Amino acid sequence: MIDIRRRNYLWLNLVSTGSALLIALLLLLGYHWFSQRDDLRNNLTMQANLLGANLTAAIVFEDDRTAADIIGTLNSSPIILEAAVYRLDGSLLASFQRPRAPPKLADRGSPYGHVFSSNELLLSVPVQMDGQIVGSIALRAWLDDLYRDLRRIFGSMLVILAVSAAFGTYASRQMRLKMAATEYEIERMALYDRVTGLSNRHAFELGLTQTLQRHGRDGGGSALLFIDVDDFKKVNDLFGHQVGDAVLKTVGERLGKALRGADILARIGGDEFAVILTNTSTPNDAAYVADNLVRIAAEPFDTGSALAHIGFSIGICMIPKDGANIENALRNADLAMYHAKKSGKNTRQFFSESIGETTRRGLDIEAGLRLALTNEQLYVVYQPQRAVRSGRIEGLEALVRWRHPEWGIIAPAEFIPVAEETSLIQDIGRKVLNYVCRDIAELRDSGYLVPPVAVNVSALQVTQGKIGDDIRAALEEYRLKPDSIKIELTESVFIGHLESHTRILQDLRSAGIDIAIDDFGTGYSSLAYLHHLPVSILKIDMRFIRDLPDDAEALALVKGLIAMGHAVDLLLIAEGVESAAQAECLEQAGCDFLQGYHVGLPLLKQEIVKLLQTD
Ligand code: C2E
Ligand code: CA
Ligand code: CA
């Protein structure tokens, strides 16, 4: 379509330029013709006048021989065909004539002036003496020379025109070829990925649009796969970008080999690939291919110096069922991929409405949390912990709260996991520590005796190794002693990092900060290894407390936990104590501290003072 239009346009261009040149050439020739004719007439008039001056005497004296001699000199002027000298009465005195030119000049003199015929010029001038006309001269000249001249000019101009047209055509052809090559290159660059030689995101979206349109007509379906390379950043960091690019290229090749010719494969981002399994309308078929892709990623990549290990997290969206337009299809495949990543990488995940919602909610929460940190939407509440022996509040647990301007209060159970996934937990943890220390200092300065406040710490905060610095900084800022706070962690903190994390926590413990194991009984719950950890408190998870005191099994378990904990020198706190019966049962079992709605709700700083003693 474009080509035909372009060719037509070229022809039009050529024809219009050609005719413009031709018109210019004709005008030029016309101008040349008329100016040459004028020159000729002027020349001849001058010549006739000169002859006339010489002929006056001959005319006056009727000397026809001299007159014939004088006009005979015109023989040397080849364009003159004929010449005649007339007396005043118009009768011929003498004449000159080329041998082969048939005579045309009349016997009688013609009126003064000139006449051009198609190939001749006829000219007649008076011969004067002292201002008196004594006779006349007529000349007849041919225009062949002018025509020859004109032909010559026309010929050479045509040659010039032809040469320049040829050159112009050649140049424009070259230009066109160059333009086409550039256009092709631009198109190629616009559609292909330089690193892998695969289609790029733009080309992929075109392919996806066509696939969706086709299914709109034929009622069929395809599977859209979003593939994110797991741990690609590590490969880049470890081996450098060149190796990273080589790995991406190999990934592209492996994917290409594993797919059918009709499938569409593209690299759509840094370490993201996308595939359309065309005419694959059943999830089973899509799952089969996706599982195969996960398998081929597991094979290590030879980087030359070492083997790189990666994996694929694949999100699958069945189109048009789960994505009828390009935006939805891409977004849903992306959401499914995100979910595959979250569920442990190296796996595939189908899009479903629930995934869409949780992931979207997660993304909203993440964005909201970033603002919450800067806009001071987070605050802390304190839940009392009662010591069984004294019956007094001897501890508080700090629990973070988020008040969103539109969504209202959001439970930590919803946003803490998101914060942990996105590393925002670091900032939140630091903020909470800061609020807690600030509140302790304020209450202390107002004369209250503030028991140690337990701060919840996520595994990630320990992994990053900054928890010690953060705690020290917060304590220092508010001039608090280390035993003003304690920390609560779950057993998972130690999984996989037993040595390094033990060292970090040992430092805190040595500084006088108590460490409690939270939710004890829900995880690995090995009392044996707890003995070797820098831990001094166990919090029995509320699941076990819930069934007290009637459930004999739960009671036996709690009693056992308390006994074993005491055996390895740990203090025990029961959390989630909601009733007096539960509290009594736990007191009898020897539990050291009680925490729960029965003891007290989590309260704001200004409310908690009612439970504190003054000094
Ligand atoms: P957790 O550390 O186990 O905190 C105890 C949770 O149980 C709190 O929920 C508390 O309000 C609730 N609770 C207290 N007494 C009772 C009771 O008698 N019955 C029942 N059913 N529940 C009771 P909350 O505040 O919603 O916190 C939930 C979880 O969020 C916490 O569990 C903790 O893992 C996490 N979290 C809270 N604040 C922070 C924080 O500042 N940092 C970190 N990393 N995690 C936090
Ligand atoms: Ca806790
Ligand atoms: Ca807990």
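Since we're looking at a predicted model, the values are computed, not measured.

A.B. asks: What is the right way to look at the site of ligand 1 in this model?
C.D. replies: Neighbouring ligand 1 are 21 residues; Gln 383, Arg 401, Asp 518, Glu 578 and Tyr 597 lie closest to it. Here a nitrogen atom of ligand 1 sits 2.8 Å away from a polar atom, N or O, in the side chain of Gln 383. At 3.2 Å from an oxygen atom of ligand 1 is found a side-chain nitrogen or oxygen belonging to Glu 397. When the free accessible area of ligand 1 is taken as 800 Å², the share hidden by the protein chains comes to 81%.

A.B. asks: Please clarify how the packing of aromatic side chains should be interpreted in this entry.
C.D. replies: Both the distance between ring centres and the angle between the ring planes are used here to describe each pair of aromatic rings. Evaluated as defined, the whole model comprises three aromatic pairs. Centre to centre, the rings of Trp 402 and Trp 407 are 6.1 Å apart; their planes meet at 70°, and the pair counts as edge-to-face. Residue classification places Trp 402 among the buried residues on the basis of a relative accessible area of 0%. A relative accessible area of 34% means that Trp 407 is categorised as partly exposed. Through pairs of rings, three or more aromatic residues link up here, namely Trp 402, Trp 407 and Phe 415. Positioned above the aromatic ring of Phe 116, the side-chain terminus of Arg 37 is 3.9 Å from the ring centre. If you follow Lys 342 out to its NZ or CZ, it ends over the ring of Tyr 338, 4.6 Å from the centre.

A.B. asks: Explain the pairing of strand β21 (residues 571-574) to me, please; I cannot follow it from the model alone.
C.D. replies: On a regular strand, one side chain projects to one face of the sheet and the next to the other, so that they alternate. Relative to β21, strand β20 (residues 537-540) runs parallel, the two sharing four bridges. Within β21, the residue paired with Ile 540 across the bridge is Ala 574. In this sheet, strand β22 (residues 593-595) lies alongside β21 in parallel orientation, the contact comprising two bridges. Residue pairing across strands places Ala 574 opposite Leu 594, the latter belonging to β22. Taken together, β21, helix α18 (residues 580-589) and β22 constitute a β-α-β crossover, and its handedness is right-handed.

Conventions adopted
Sequence order sets the numbering: in each chain, residues are counted from 1 along the sequence as written. Lettering of chains starts at A and numbering of ligands starts at 1, both following the order in which they are written. At least 70 in pLDDT is required for a residue's local features to be given in this predicted model, at least 80 for side-chain atom pairs to be given and counted, and no such filter applies to totals for whole chains, interfaces and linings, which use all residues. Water and hydrogen atoms were dropped before computing side-chain values, which therefore reflect all heavy atoms in the structure. Whether a residue is near a molecule or strand depends on its heavy atoms: if one lies within 4 Å, it is near. Here a polar contact is recorded for every N or O atom pair within 3.5 Å, except that within protein the pair must consist of a potential hydrogen donor and a potential acceptor, and residues adjacent in sequence are included only if both atoms are side-chain atoms. Accessible surface area values rest on a Shrake-Rupley calculation with a 1.4 Å probe, where residue burial reflects the displayed protein chains alone. Pairing of aromatic rings covers Phe, Tyr and Trp, the last through its six-membered ring, and needs centres within 6.5 Å; plane angles under 30 degrees mean stacked, over 60 mean edge-to-face, and all others mean tilted. Throughout this description, buried means an accessible area under 20% of the type-specific maximum (1.4 Å probe, protein chains only), exposed means over 50%, and partly exposed covers the range between. Any Lys NZ or Arg CZ found within 6 Å of a ring centre and within 35 degrees of that ring's normal is scored as a charge over the ring. By definition, two strands form a pair when at least two bridges between them are found by DSSP. The way it works is that DSSP assigns letters per residue, a run of H or I at least four long becomes a helix, a run of E at least two long becomes a strand, and they are numbered from the N terminus. Handedness of a crossover is defined as follows: with both strands directed away from the viewer, a clockwise route from the first strand across the helix to the second makes it right-handed.

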